[in-house]
Amino acid sequence: MVDVVCFGDLLIDFVPTATGTGLADAPAFVKAPGGAAANVAVGLARLDVKSGFMGKVGDDPFGHFLAHTLEAEGVDVGPLRFEPAARTALAFVSLRADGEREFLFYRHPSADMLFTPAEVDAGAIESARGFHFDSISLAATQPRQTVLHAVDLAAAAGKLISYDVNLRLPLWPDAATARDGLRSGLARAQIVKLSDDELEFLTGSREPEAVRSLWHAGLRVVTLSRGSLGSTWFTSTASRDVPTFKVEAVDTTGAGDGFMAGLLAGLLAEIGRA
């Protein structure tokens, strides 16, 4: 039994050996385990919250490397599936000199895009306290059908459902489709995290109060991350700004996933004390 099942992508990130360069100019790359939902699962495990990962990788050396990496971090990989007909997803990620990240995904299709609803471990969802997902699984038809099936199972079982908006525009056919897809995930969630960039993409405004235009009856908490300005949380009746620590940003890759893990761990602890 785990506290939170995290559904989503598990892939190999290829990261340039030199920072401050675009992908085309990178001299070489090193492999690293990645995937937003997998990062959240590892973050939860490191915070002593029992987590499991639900997704699909190729039945190949990269897929087994990723499974072993999660296991070594204490994440339950029982709900993970292996696909012999497709390869593990790959992503090339660089941090440019202007501080912006550049992504190039290899998913034509990757194993995660062949994860079917029939392969979902309903028992893992039933036995957990919460279910977490993000918009990456909503970008293509097959994982979208599967994650929404899993969310419906979690909702029917009365589980806490959390969602990270986590926009990766290169994965979507166009901006309008992405906007609709992001909103479809948000409509099913009780706990939501999004950044001010994502808020602007969805509403046209970076002002925190624009969150209210996304509100629906099922929401319990929305947290807006705002970079150096900290974050702002919202409930149906209140909101509050939370300052951040002053740090020198070196690489923001995975920062939102770490934030999401901390948010979930804190909320689960509060619910447990209630």
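A short tour of the structure in this document, coming up.

What counts, and at which threshold
Residues numbered from 1 in each chain as written. Predicted model: local features only at pLDDT ≥ 70, side-chain atom pairs only at ≥ 80, totals over all residues. Heavy atoms only, no water. Pairing = 2+ DSSP bridges. Helix = DSSP H or I, 4+ residues; strand = E, 2+ residues; numbered from the N terminus. Axes fitted to C-alpha atoms, helices over the stretch in contact; angles between N-to-C directions. Buried < 20%, exposed > 50% of the residue type's maximum accessible area, 1.4 Å probe, protein only. Right-handed = clockwise from strand over helix to strand, strands pointing away. Polar contact = N/O pair within 3.5 Å; in protein donor to acceptor, adjacent residues only side chain to side chain. Contact = heavy atoms within 4.5 Å. Expected span 1.5 Å × (residues − 1). Arc of directions from axis to C-beta. Salt bridge = Lys/Arg side-chain N within 4 Å of Asp/Glu carboxyl O.

## Here we look at the pairing of strand E12 (residues 231–234)
Inference 1: Across four bridges, strand E11 (residues 221–225) lies against E12 in antiparallel orientation. Following the sheet pairing, Val 222 is matched in E12 by Phe 234.
Inference 2: Pairing analysis gives four bridges linking E12 to strand E13 (residues 239–242), with the strands arranged antiparallel. Counterpart to Thr 232 in the pairing with E13 is Asp 241.
Inference 3: Connecting E12 to the next strand, E13, in antiparallel fashion are four residues.

## Structural notes on the sheet that holds strand E6 (residues 90–95)
Strand pairing in a sheet takes place through backbone hydrogen bonds and is either antiparallel or parallel in direction.
Inference 1: On the basis of which strands lie adjacent, the open sheet formed by four strands has the order E3-E2-E6-E7 and mixed pairing. Two strands bound the open sheet, and with one partner strand each, they are strand E3 (29–34) and strand E7 (101–106). Sheet twist, expressed as the average angle between the axes of neighbouring strands with direction ignored, equals 25°.
Inference 2: Taken together, the six bridges between strand E2 (residues 11–16) and E3 define a ladder with antiparallel strand orientation.

## Here's the deal with the pairing of strand E9 (residues 160–164)
Inference 1: Buried residues dominate E9, accounting for five of its five residues.
Inference 2: Burial along E9 is two-sided: Leu 160, Ser 162 and Asp 164 and Ile 161 and Tyr 163, pointing in opposite directions, are all buried.
Inference 3: Pairing between strand E8 (residues 130–134) and E9: five bridges, direction parallel. If you follow Phe 133 over to E9, its bridge partner there is Tyr 163.
Inference 4: After leaving E8, the chain enters helix H4 (residues 141–156) and then returns to the sheet as E9, a path that is right-handed.
Inference 5: Of the strand pairs in this sheet, E9 and strand E10 (residues 191–195) are connected by three bridges, and their pairing is parallel.

## Brief notes about the side chain of Asp 9
Inference 1: Along the chain, Asp 9 falls in the loop between strand E1 (4–7) and E2.
Inference 2: Separated by 3.3 Å, the side chain of Asp 9 and the backbone nitrogen of Ala 36 make a polar contact.
Inference 3: Asp 9 has contacts with Gly 34, Gly 35, Ala 36, Ala 37, Ala 38, Phe 53, Asp 134, Ile 136 and Ser 137, leaving out every residue within four places of it along the chain.

## Points about helix H5 (residues 175–186)
Inference 1: For H5, with twelve residues, the first-to-last C-alpha span of 16 Å sits near the 16 Å given by 1.5 Å per residue.
Inference 2: Regarding H5, the residues found buried are Ala 178, Gly 181, Leu 182, Gly 185 and Leu 186. All buried residues of H5 fall inside an arc of 140° around its axis, so they share one side.
Inference 3: Structurally, H5 contributes buried residues whose contacts are with E8, E9, E10 and helix H6 (196–203).

## Description of the pattern of salt bridges
Inference 1: All chains considered together, the criterion is met by ten salt bridges.
Inference 2: Asp 241 is the partner of Arg 226 in a salt bridge, and the nearest nitrogen-oxygen pair spans 3.8 Å. Of the two residues, Arg 226 is situated in the loop between E11 and E12 and Asp 241 in strand E13; the sequence distance between them amounts to 15 residues.
Inference 3: Overlapping salt bridges bring together Asp 196, Asp 197, Glu 200 and Arg 206 as one network.

## Some thoughts on helix H1 (residues 36–46)
Inference 1: Within H1, nine of the eleven residues are buried, leaving the element largely enclosed by the surrounding structure.
Inference 2: Phi turns positive, to about 65°, at Asp 48, one or two residues after H1.

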